[in-house]
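Residue-level structure breakdown
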Amino acid sequence: MNASLTAVFETRHQPTIEAFRRFVTGELEPLWEEFGESTPEHIPQDVKRHVRRRSAELGFYGAEFPEAVGGRGLPLTAVAVLRHLAGGSGCPLAPLALPGPEGPTPLLAHGTPEQQQRYLAPLVRAEKMRSLGLTEPLAGSDAYHLATRARRSGSDWVLNGHKIFLSNLEVVDFVLVFAATDEHGGPNSTAVFIVDTGTPGLTVRQSFQGMSGELLYELLLNDVRLPADAVLGGPEQAHLAVAHSMLSLPRGRVLTAADCNGLAEYALNLGLEHARRRVAFGRPVGTFQHVQEHLVTTRTELAASKLLTLACTHQADEYKELTSEDAAMAKITATELLKRAVDHALQVLGGRGWMKGHPLEYLYRYARMMPIVGGTTEIQKVIIAHALGLGSLAQGPAPGAPGRRAEEERLLPEVTV
Ligand SMILES: Cc1cc2nc3c(=O)[nH]c(=O)nc-3n(C[C@H](O)[C@H](O)[C@H](O)COP(=O)(O)OP(=O)(O)OC[C@H]3O[C@@H](n4cnc5c(N)ncnc54)[C@H](O)[C@@H]3O)c2cc1C
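Per-chain numbering applies: the sequence of each chain, read as written, is numbered from 1 onward. A pLDDT threshold of at least 70 governs which residues receive local features in this predicted model, and a stricter bar of 80 or more applies before side-chain atom pairs are shown or counted, although totals over entire chains, interfaces and linings include all residues. Only heavy atoms go into the side-chain values, all of them from the structure, while hydrogens and water stay out.

A few points about the pattern of salt bridges
Worth spelling out the cut-off: Think of a salt bridge as a Lys or Arg side-chain nitrogen and an Asp or Glu carboxyl oxygen that are within 4 Å of each other. Helix and strand definitions here come from DSSP, where helices need a minimum of 4 consecutive H or I residues and strands a minimum of 2 consecutive E residues; each element is numbered from the N-terminal end. In this scheme, a residue with accessible area under 20% of its type's maximum is buried, one over 50% is exposed, and one in between is partly exposed, where area comes from a 1.4 Å probe on protein chains only.
In the structure shown here, the tally under the stated rule is 18 salt bridges. As a salt-bridge pair, Lys163 and Glu136 come within 2.9 Å of each other at their nearest N and O atoms. Of this pair, Lys163 sits in strand E3 (residues 156-167) while Glu136 sits in the loop between strand E1 (130-133) and strand E2 (149-153); the two residues are 27 residues apart in sequence, bridging distant segments of the chain. The class of Glu136 is buried, set by a relative accessible area of 3%.

Details of the domain arrangement of the protein chain
Formally: The domain boundaries here were taken from an automatic or database domain assignment. Contact between two residues is taken to exist if any of their heavy atoms lie within 4.5 Å; hydrogens are not considered. Buried area counts how much accessible surface, traced with a 1.4 Å probe, disappears from two parts once they are put together, with both parts' losses summed. For this analysis, a polar contact is any N or O atom pair within 3.5 Å, provided that within protein one partner can donate a hydrogen and the other can accept it, and provided that sequence-adjacent residues contribute only side-chain to side-chain pairs. Classification used: nonpolar for Ala, Val, Leu, Ile, Met, Phe, Trp, Tyr, Cys and Pro, charged for Asp, Glu, Lys and Arg, polar for all others including Gly.
For the protein chain, the assigned domains read domain 1 (7-109), domain 2 (130-239) and domain 3 (243-387). Between the C-alpha centres of domain 1 and domain 2 there is a distance of 28 Å. Contact residues are listed per partner, giving 10 residues for domain 1 and 14 residues for domain 2. Regarding the contact of domain 1 and domain 2, the summed buried area is about 890 Å², with carbon and sulfur atoms giving 61% of it. Three residues stand out in domain 1 for area buried against domain 2, namely Pro101, Leu107 and Leu108, and they jointly supply 53% of the buried area on that side. Seen at the junction of domain 1 and domain 2, the total is zero salt bridges. Counting across the domain 1 and domain 2 interface gives three residue pairs in polar contact (both at pLDDT 80 or more). The residue makeup of the side of domain 1 that touches domain 2, split by class, is four nonpolar, four polar and two charged.

Following this line, the structure appears as structure tokens:
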């Protein structure tokens, strides 16, 4: 009998969970062993593609999307449990079997039926890849204060602007570009454009290498001409991009929390294994209270974080409601927990965990990105404060206006890889 604290959320999804576990242990772990690598920094694109396609074939990749676009309509709780399992397995190929920033996004579910078939369905089948073009040199968290402009030209749109930190840009088929139009005021002036990567006027200028090896790219848009139907949701929905993003973000944040919980569990298990085996002063180090403290703290925080994450997904599945506040609490809890969990485990391993190539050394760097992507920890706190009635984000000056200095561009790292 499964009597874990989270059994109430997981039991009904057990067949899916077991099937995914078999895929990880039966196919992905042996494939990973062939590499003889210890960290996921150098996985070739063709291997990543193989993992995604095989996972889609088996009905895991993109399974949360509706059948109409090739998914299975899998409940969010089941998806969260699979993501936890993938991170917790310690097999670096397992998280790649579920959608990341290259894959299907709920944002595209707001597309027209034609856009969903042309762009979302091939993403769900893992036949195409996409990137997201939101961040700009002068607009990160302040994401709807964009300098990238879209103006109408007859029935077409013409885009000009500058995007940074795009994931996977070198291999994607299209980019979802956020741009300001002059058609509506405030947040309603932002629209999302689906831009095929071969479109004239696009230039990839440089790439940045993240701490844990991820390449992020800079995209220039110079008079990029797009047809009317390139706007997400069609021309009449152009002004709803921010509203659609707000609806999509909480689900993504809760799934990020599930990823982090899984990775934290993996770190905990590495720490536990070492604490039981390694002997110092004639005893396993795990018998020392100071060492126990590291592992007990993670164990406790992880139980709380997992429960919060699954309570959010349960809310979404059963009551069709997932508030931004709840998702923000789950994301903060899990992403900050992961940083601490890896640090604790690394300390338990001593010098071994700190050595280049050890899974914990890699995770220490990888974990650091999680409180930044998908809305920083501070932005999650702003959301929670807003829900508590403590005020909302004040709008600062727009790019180019006094107070937004061009010199801010110099904040960009000048690293080309
Ligand atoms: C690995 C990785 C992958 C990424 N992939 C993509 C991608 O594919 N596409 C894309 O468009 N972008 C991507 N990004 C960019 C990412 O979305 C931004 O880095 C993130 O939104 C934060 O923006 P910023 O870095 O400009 O920081 P800023 O927004 O400049 O924030 C700087 C600091 O100020 C804080 N802050 C800002 N506003 C407030 C506020 N109102 N209240 C309190 N604190 C505040 C922030 O929390 C942060 O600590 C990626 C980033 C990383 C690290």
